[in-house]
Amino acid sequence: MVTAPRKFANAVSATHVVRWVTEVSAVRRLQIATLGSGIIYLAYFIFVAFLPEHVTKQRFNLFMALGRGYSSLLIFLIAVGTLFALAIIAWRAAQSAACRQLYGWALIPPVLFGLVLSLTMPATSRDLFYYISSGRTLAIYGANPYLVPPSAFRDDPLFQFTNWPDYTSPYGPIWLLLSGGLAWLGGTNLLWSVYLFKLLAFISYLLCAVFIWQILRKQGYAPLVGTVLWLWCPLILLEFAGSGHNDVVMLCGLLLALWCYLRGQVRLSLVILTVAILVKSVALIALPFILWHYLMTIKGWPARIRAAARVLWLPAVVLVAIVAPFWAGEATFGPAHEANHYYASIAHLVRTISEWWISPYYSGMLARGLILLSLGVGYLLILWKIPGDGHRLLTGLVQAYFLLLIVWPFFVPWYCAWTVALVAALGSTRYGWRALLFCLGAILSYALQFYLPLRMAVSIEFRSALSAAIIFLPLLCTYIPWHRLRRSGPSAPTALPPLAR
């Protein structure tokens, strides 16, 4: 006969064995993900995008390094698919167990991947070289980048490397100050200047992980899972550590503002959010959400109006103080002009298809009308649902940024990072799968953009529409309530009654 203490001991030992096996399995999966991802990222660094070798090539892109043959396209597809599969393995392993060894294998490898990628040539865009040129416009020549494009200084030793030479800056004043300081430090040494901008992006990538960790802890969630989603996501690594986009600096400020807000520091949160907006204006979406969420905790509209004045006066002062020296009238709102461009978006797809039946003018009006209607109605519905705890606020922000990217007329792959950062801070598995699928489609669209045989065979309008289909149609399928459709479908046939004797 087994005594009660013996039964308890057997149960405890069985629990420990199961937990040990789970932890060992998770560590092994993380080690496999580390080995596989490390090989691909190192191969990319050594054979494809070694920065000192390619930094002076003005038309360098991913497929210029991989080659023009079909094998290069196959290598790209296999490498991207493998990286995402390994990132999912790491993310799922972080969900299954928690031990000290697991933390090391989950957090250290992606930091090393990012460090390696920060030494690579930007292979998916040349935005970083525009950062350098507009920074030199401000720091070296003392001109306002909102009024003076890089082409005004054609004798500048680094001018030949910039893209968009005739465009004034579409970024915020804080970013202009940062880029001016880095351009001044880099001087006329192009390689050193690129390294400085990529170092800023890499540090911001790490800080985003820290703030995601803190936001998850503040909500009482296990912080490792969301942090791993951010750190391991191939799009995040390739676009920020690899290409140095300034979106990561904006996201760093946005996440810090959310963390401060969840800690009850409302005014400080709004000041930090203002700084993030002045890096890149897309952070502005979070302002009404945070403010509305805060005001709904206060009873009565007179008290809410007084509370709004108390928390908004300092951000307003910061905004005026920073924008005033750069004020250039309408040119100061450079990002607004992006609304007139259609590329790789659902709106472009709608406009292209509608042009089969109606004129381009009316198809453009139709697309703009659908954008305004979707954003207006969608944001109001999302705002209506966010009052409550911090989880509801973060859920609303995730939904708002997904809505923006789905309906906005202009899309480039690194915009997906906005949703990844917020989904990681939310800690939602369902939204995590959605964000990873979104990122995968976005990176795969580079084949249409850079693979030369496709570029030569297909017009830019059709490539843009096809890119939108690859990126957004799988994403839109995730919004279909499949479980409800299965329930409402035809029921399985019941067994026939037995025959009467």
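Above: the structure in question.
Predicted model only: the values in this text are computed from it and were never measured.

Scoring rules and cut-offs
Residues numbered from 1 in each chain as written. Predicted model: local features only at pLDDT ≥ 70, side-chain atom pairs only at ≥ 80, totals over all residues. Heavy atoms only, no water. Salt bridge = Lys/Arg side-chain N within 4 Å of Asp/Glu carboxyl O. Helix = DSSP H or I, 4+ residues; strand = E, 2+ residues; numbered from the N terminus. Buried < 20%, exposed > 50% of the residue type's maximum accessible area, 1.4 Å probe, protein only. 1 Å grid on protein atoms, 1.4 Å probe; cavity = no way out; pocket = protein on both sides within 12 Å on 5 of 7 lines; lining within 4 Å. Points joined across faces, edges and corners; volume = space filled by probe spheres on them. Nonpolar A, V, L, I, M, F, W, Y, C, P; charged D, E, K, R; others polar. Phe/Tyr/Trp six-rings, centres within 6.5 Å; stacked < 30°, edge-to-face > 60°. Lys NZ or Arg CZ within 6 Å of the ring centre and 35° of its normal.

A word on the pattern of salt bridges. Counted according to the given criterion, the structure contains 3 salt bridges. Linking lysine 280 and aspartate 247 is a salt bridge whose minimum nitrogen-to-oxygen distance equals 3.0 Å. Highlighted residues: lysine 280 in the loop between helix H12 (266-277) and helix H13 (286-295) and aspartate 247 in helix H11 (residues 247-262), separated in sequence by 33 residues. For the pair shown, lysine 280 and aspartate 247 are each scored as buried.

Moving on, we come to empty space enclosed by the protein. Overall, the coordinates contain 1 cavity of 30 Å³ or more when judged by the stated rule. Within this model, the largest cavity holds a volume of roughly 60 Å³. Together, Ser133, Arg136, Thr137, Tyr141, Pro150, Phe153, Asp156 and Phe159 line the largest cavity. Of the residues in the lining of the largest cavity, the class split is 4 nonpolar, 2 polar and 2 charged.

With the rule as written, the count across this model stands at 34 aromatic pairs. Ring centres 5.0 Å apart and planes at 75 degrees place the aromatic pair tyrosine 131 and tryptophan 175 in the edge-to-face group. Of this pair, tyrosine 131 sits in helix H6 (residues 127-139) while tryptophan 175 is found in helix H7 (residues 173-186), placing the two residues 44 residues apart along the sequence. Residues tyrosine 131 and tryptophan 175 agree in their burial class; the two are buried. On the basis of an interplanar angle of 55 degrees and a centroid distance of 5.6 Å, the ring pair of phenylalanine 438 and phenylalanine 472 is categorised as tilted. With phenylalanine 438 in helix H19 (residues 429-444) and phenylalanine 472 in helix H22 (residues 460-477), the pair connects residues that are 34 residues apart, well separated along the chain. The exposure classification of phenylalanine 438 matches that of phenylalanine 472, with both residues buried. Site record: aromatic cluster; members linked through ring pairs are Tyr401, Phe402, Phe411, Trp414, Tyr415, Trp418, Tyr431, Phe438 and Phe472. The aromatic ring of tryptophan 259 is capped on one face by arginine 263, whose charged end is 4.8 Å from the ring centroid. Against the face of tyrosine 431 rests arginine 430, its NZ or CZ located 4.6 Å from the ring centre.

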